[in-house]
Amino acid sequence: MSDIRFDGQVAIVTGAGGGLGKQHALELARRGAKVVVNDLGGAMDGTGGNSAAAEAVVAEIQAFGGEAIANGASVTDDAGVANMVAQVMEKWGRIDILIANAGILRDKSFSKMEMADFDVVMNVHLMGTVKPVKAMWEIMKAQNYGRIVVTTSSSGMYGNFGQTNYGAAKLALYGFMNTLKIEGAKNNIKVNAISPVAATRMTENLMPPQMLDLLKPEYVTPGVMFLVSEDAPTGTVLSAGAGVFAVAKIYETDGICLKDDGITAEEVRDNWDKICDPTGHEAYEQGGGQTGKFMRKLSGG
């Protein structure tokens, strides 16, 4: 099969000044894409900011003959995102790929977490993905082409102590992807999610050095390149780390139908083992799947 290439395509990568985003941007450029390296340049908690990191990545791309520009807009700033999109359209006339990678951490147990910590993490991860997608959605529709990758996390799908804010935002992106894939289908816009495990400044204090060495960001990037390629799937959550790739899905048990008119909490309790039985469980890929299942159960199917 032919190599995956992005010649003639324009890609925006947010949070691309370092870590995963940097590796995504570099690989896109190596494979022929024109790349917008977006990074606010702030601290891990979202404070501060400068353009040095983004400009350094652009310089690295230009050094091997690639084409890239730096952008320092915050992904949470409507005007900044709009200006970024306008800048790209003026320079290159299209936007084919968005990798929404920008993120921050404000980890604390829920008891100690201030609402400001919750708000800012939700804003950066969730709205900092929604706003760039919204700003270029109509462009992709008009082109009848678009590839979008949002960044989710195992903290959202499975939980992690001290990350109620981060986990809530990351699982929200799963739901965002699930509906966006349906709305984009007729215009050849494919939307997927990456759930990475990688050694970045967000994880360097959470793991021993020998583990961090196995979790290089560049081991995640090949999966992302496939998810933004011409032949990408849509609506897929790809877990990636240390060269291991797997698909994550939300499943629902087959369950039971309690048809009596007087359905009670006690009946639910007494049938709990059957309700939880994983035999025959399904992963729903499209909206309405659960409603269809309920109707089949009611009819005895």
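Residues numbered from 1 in each chain as written. Predicted model: local features only at pLDDT ≥ 70, side-chain atom pairs only at ≥ 80, totals over all residues. Heavy atoms only, no water.

**Focus on the packing of helix α4 (residues 115-143) against helix α6 (residues 164-184)**
- Put simply, α4 and α6 touch, their axes get as near as 8 Å, and they point 20° apart. Comparing their axes, α6 and α4 come out roughly parallel. Our pair here, α4 against α6, has a crossing hand that is right-handed. Across from D117, F118, V121, M122, H125, L126, T129, V130, V133 and W137 in α4, the residues of α6 making contact are T164, N165, Y166, A168, A169, K170, A172, L173, F176, L180, E183 and G184.
- Residues that form the contact of α4 with α6 fall into these classes: 14 nonpolar, five polar and three charged. (Axes fitted to C-alpha atoms, helices over the stretch in contact; angles between N-to-C directions. Helix = DSSP H or I, 4+ residues; strand = E, 2+ residues; numbered from the N terminus. Parallel < 35°, antiparallel > 145°, perpendicular 65-115°, else oblique. Left-handed = near helix turned anticlockwise from the far one by under 90°. Contact = heavy atoms within 4.5 Å. Nonpolar A, V, L, I, M, F, W, Y, C, P; charged D, E, K, R; others polar.)

**Quick look at the sheet that holds strand β7 (residues 237-241)**
- The strand order across the open sheet built from eight strands is β3-β2-β1-β4-β5-β6-β7-β8, with neighbouring strands paired in mixed fashion. The strands lining the two open edges of the sheet, one partner per strand, are β3 (67-71) and β8 (244-248). Here the strands of the sheet are splayed against their neighbours by 20° on average, with no regard to which way each runs.
- This element, helix α2 (residues 52-63), spans β2 (34-38) and β3 of the sheet and lies at about 175° to β3. (Pairing = 2+ DSSP bridges.)

**Side note on the packing of helix α1 (residues 19-30) against α2**
- Two numbers describe how α1 lies on α2: the axes approach to 10 Å, and their chain directions differ by 25°. If you check the angle between α1 and α2, you find them roughly parallel. Regarding α1 and α2, the two cross each other, and that crossing is right-handed. Along its contact with α1, which presents K22, A25, L26 and A29, the element α2 presents V57, E60 and I61.
- Residues of the contact of α1 with α2, tallied by class, amount to five nonpolar, no polar and two charged.

**What to know about a nonpolar patch on the surface**
- Side chains of I263, V268 and W272 sit close together on the surface and give an oily, nonpolar patch of about 290 Å² of accessible area.
- Assignment of secondary structure puts V268 in helix α9 (residues 265-270).
- Take V268: its relative accessible area is 32%, and that puts it in the partly exposed class. (Patch = residues over 30% accessible without salt bridge, like charges linked within 9 Å, V, L, I, M, F, W, Y side chains within 5 Å. Areas by Shrake-Rupley, 256 points an atom, 1.4 Å probe, with all protein chains shown as cover. Salt bridge = Lys/Arg side-chain N within 4 Å of Asp/Glu carboxyl O. Buried < 20%, exposed > 50% of the residue type's maximum accessible area, 1.4 Å probe, protein only.)

**Things to note about the pairing of β8**
- Relative to β8, β7 is paired through five bridges, and the arrangement is antiparallel. Within the sheet, the bridge partner assigned to S239 lies in β8 and is A246.
- Connecting β7 to the next strand, β8, in antiparallel fashion are two residues, including A242 with a positive phi near 60°.

**Let's talk about α2**
- In a regular helix each residue adds 1.5 Å, so 12 residues correspond to 16 Å; α2 covers 16 Å between its end C-alpha atoms and thus fits that length.
- Among the residues of α2, A54, V57, V58 and I61 are the ones counted as buried. Looking straight down α2, one finds that the buried residues subtend no more than 100° of arc, so they occupy a single side.
- On its buried face, α2 sits against α1, β2 and β3.
- Residue G65 follows α2 closely and has a positive phi angle near 90°. (Expected span 1.5 Å × (residues − 1). Arc of directions from axis to C-beta.)

**Remarks on the pairing of strand β4 (residues 97-100)**
- The alternating pattern of β4 places I97 and I99 on one face and L98 and A100 on the opposite face, and all of these are buried.
- As paired strands, strand β1 (residues 10-14) and β4 are joined by three bridges and run parallel to one another. Within the sheet, the bridge partner assigned to V13 lies in β4 and is I99.
- Relative to strand β5 (residues 146-151), β4 runs parallel, the two being bridged by four bridges. Looking at the pairing, L98 lines up with I148 of β5.
- Once the chain exits β4 it traverses α4 before rejoining the sheet at β5, and the crossover so formed is right-handed. (Right-handed = clockwise from strand over helix to strand, strands pointing away.)

**Points about the environment of G162**
- Relative to the elements of secondary structure, G162 occurs in the loop between α5 (154-157) and α6.
- Given a relative accessible area of 13%, G162 falls into the buried group.
- Along the sequence, G162 and S111 sit 51 residues apart, while their C-alpha atoms lie 9.3 Å from each other.
- Apart from residues lying up to four places away in sequence, G162 is in contact with D107, K108, S109 and M113.

**Topic: the environment of A102**
- Relative to the assigned elements, A102 resides in the loop between β4 and α4.
- In the structure, A102 is positioned 82 residues away from L20 in sequence and 9.5 Å away in space, judged by C-alpha atoms.
- Look past the residues within four positions of A102 in its chain and what remains in contact with it is T14, G15, V75, V124 and H125.

**Regarding the pattern of salt bridges**
- Per the stated rule, a full pass over the model turns up 10 salt bridges.
- Of the charged contacts in the structure, one is a salt bridge between K22 and E60, with a shortest N-O distance of 3.4 Å. With K22 in helix α1 and E60 in helix α2, this residue pair connects regions lying 38 residues apart in the sequence.
- Take K22: its relative accessible area is 24%, and that puts it in the partly exposed class.

Any link to function would need more than the numbers given here.
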